[in-house]
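Examining the three-dimensional arrangement
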Amino acid sequence: MRQVIRRQTAAARRASGDAARSTSFRHALLRVLVLLVALALWQVAAQAHGSVYFPPPGRIAHRAYALWFSGPARHAFLTEAAVGDVLPSLGRMAAGFGIAAVAGIGAGVAVGRSRRAYALCNPVLQFARAVPPPALVPVFVVVLDFGTPMQIASIAFSAVWPVLVNTAEGARGTDPLRLDVAAVLRLNPVERLRFLILPSALPRIFAGLRLSLSLSLILMVFSELLPGTANGIGYTLTDAQSRSDLLTVWAALLLLGVLGHLLNTALVAVERRMLGQGRSTA
């Protein structure tokens, strides 16, 4: 009898897995088809309009390839322009986002686990979150002058608030019954943080991280539009605009969109993996 039940359970799991894979494949295929249709409509509209201000996606993709991805294989097909402009931008963005993530999660857990600290800090957090991030860049220019430190500081300071606020809310939402059980089991603060608070707050933490990632990309470009910048994707945009090189402007915009999509996809993959592990260990 037990063997029959096990076989039925295994068969049900295989059927559920096959159905999930089939649904995932259909959704992926549908997304690709929608993208192809949108690109085809863009191509037809651009060719019909015939304006230099609205180039077709084929020419934009070719310019992006020629500018950044037509290098030798030993350099991962990256050109000198990619090494000189794209990689520095990604480095600034990664540094600012990393600082914001670490500081936001740490401060958010500390604020969220203390009612008094949350009550005192919440008005300040809401005020700081409501300030438009680009409006803070001139402040950092005055404090730090132009350069990479100013750019990283502006990215980190603006991107930290979504992580901090969401982490604090997630930490506050920890089940009190689980905390009581942890007290009975005499878990130390590190164990409570590892096994209770962080797993409970993970969905809100990743929600904040995704918002911060978008802000980091926006602030990275905005900080590179300022005078005194010598490289970066934002600098490429400004330089191409000053030379009326509209095809390069469109190529830079296409690159930013692709980078944003790839970075968000990678973060979502990490989120699914970590949340899956959190549910399996609960």
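Relevant structure appears above.
Residues numbered from 1 in each chain as written. Predicted model: local features only at pLDDT ≥ 70, side-chain atom pairs only at ≥ 80, totals over all residues. Heavy atoms only, no water.

1. Quick notes on the pattern of salt bridges
Counted under the stated rule, the structure contains five salt bridges. D239 is paired through a salt bridge with R243; the nearest N and O atoms lie 3.0 Å apart. Residue D239 is classed as partly exposed on the basis of its relative accessible area of 28%. A single network of salt bridges, built from pairs that share partners, joins R63, D239, R243 and D245. (Salt bridge = Lys/Arg side-chain N within 4 Å of Asp/Glu carboxyl O. Buried < 20%, exposed > 50% of the residue type's maximum accessible area, 1.4 Å probe, protein only.)

2. Notes on unusual backbone geometry
Phi at A76 takes a positive value of approximately 60°, unusual for a residue other than glycine. Mapped onto the fold, A76 is located in the loop between α2 (57-68) and α3 (80-112). Although it is not a glycine, F77 sits at a positive phi angle of roughly 65°. With respect to the helices, strands and loops of the structure, F77 is situated in the loop between α2 and α3. (Helix = DSSP H or I, 4+ residues; strand = E, 2+ residues; numbered from the N terminus.)

3. Some thoughts on the environment of L39
Tracing the chain through its elements places L39 in helix α1 (residues 2-49). Separated by 17 residues in sequence, L39 and P56 place their C-alpha atoms 8.8 Å apart.

4. Quick look at the environment of F140
By the element assignment, F140 lies in helix α5 (residues 137-144). Along the chain, F140 and F157 lie 17 residues apart, while their C-alpha atoms are 9.7 Å from each other. When near neighbours in sequence (up to four residues on either side) are disregarded, F140 contacts D145, M150, A153, S154 and F157. (Contact = heavy atoms within 4.5 Å.)

5. Some words on the packing of α3 against helix α8 (residues 189-224)
Geometry of a packed helix pair, given as the angle between the helix axes and the separation of the axes. Across the interface, α3 lies against α8 with an axial gap of 8 Å and an inter-helix angle of 145°. Considering the relative orientation of α3 and α8, their crossing is right-handed. Between α3 and α8, the residues in contact are S89, R92, M93, F97, A101, I105 and V109 and L193, I197, L198, I205, L209, S212, L213, S216, L217, M220 and E224, respectively. Within the contact of α3 with α8, the residues separate by chemical class into 13 nonpolar, three polar and two charged. (Axes fitted to C-alpha atoms, helices over the stretch in contact; angles between N-to-C directions. Left-handed = near helix turned anticlockwise from the far one by under 90°. Nonpolar A, V, L, I, M, F, W, Y, C, P; charged D, E, K, R; others polar.)

6. Some thoughts on the packing of aromatic side chains
Counting across every chain of the model gives four aromatic pairs. Taking the centre distance of 5.8 Å and the plane angle of 55° together, the rings of W42 and W250 count as tilted. Taken together, the positions of W42 in helix α1 and W250 in helix α10 (residues 246-281) put the pair 208 residues apart, joining distant regions of the chain. By relative accessible area, which is 25% here, W42 ends up partly exposed. Note on W250: relative accessible area 25%, which makes it partly exposed. With 6.3 Å between their ring centres and 65° between their planes, F54 and W250 make a pair best called edge-to-face. In this pair, F54 is assigned in the loop between α1 and α2 and W250 in helix α10, connecting sequence segments 196 residues apart. Through a chain of ring-to-ring contacts, three or more aromatic side chains come together here, namely W42, F54 and W250. For the cation-ring pair, R172 lies above Y118, with the distance from its terminal atom to the ring centre recorded as 4.1 Å. (Phe/Tyr/Trp six-rings, centres within 6.5 Å; stacked < 30°, edge-to-face > 60°. Lys NZ or Arg CZ within 6 Å of the ring centre and 35° of its normal.)

7. What about a nonpolar patch on the surface?
Residues F25, L29, V32, L33, L35, L36 and L39 make up a contiguous nonpolar surface patch of about 660 Å² in total accessible area. As for its position among the elements, V32 is in helix α1. We classify V32 as partly exposed; its relative accessible area is 44%. (Patch = residues over 30% accessible without salt bridge, like charges linked within 9 Å, V, L, I, M, F, W, Y side chains within 5 Å. Areas by Shrake-Rupley, 256 points an atom, 1.4 Å probe, with all protein chains shown as cover.)

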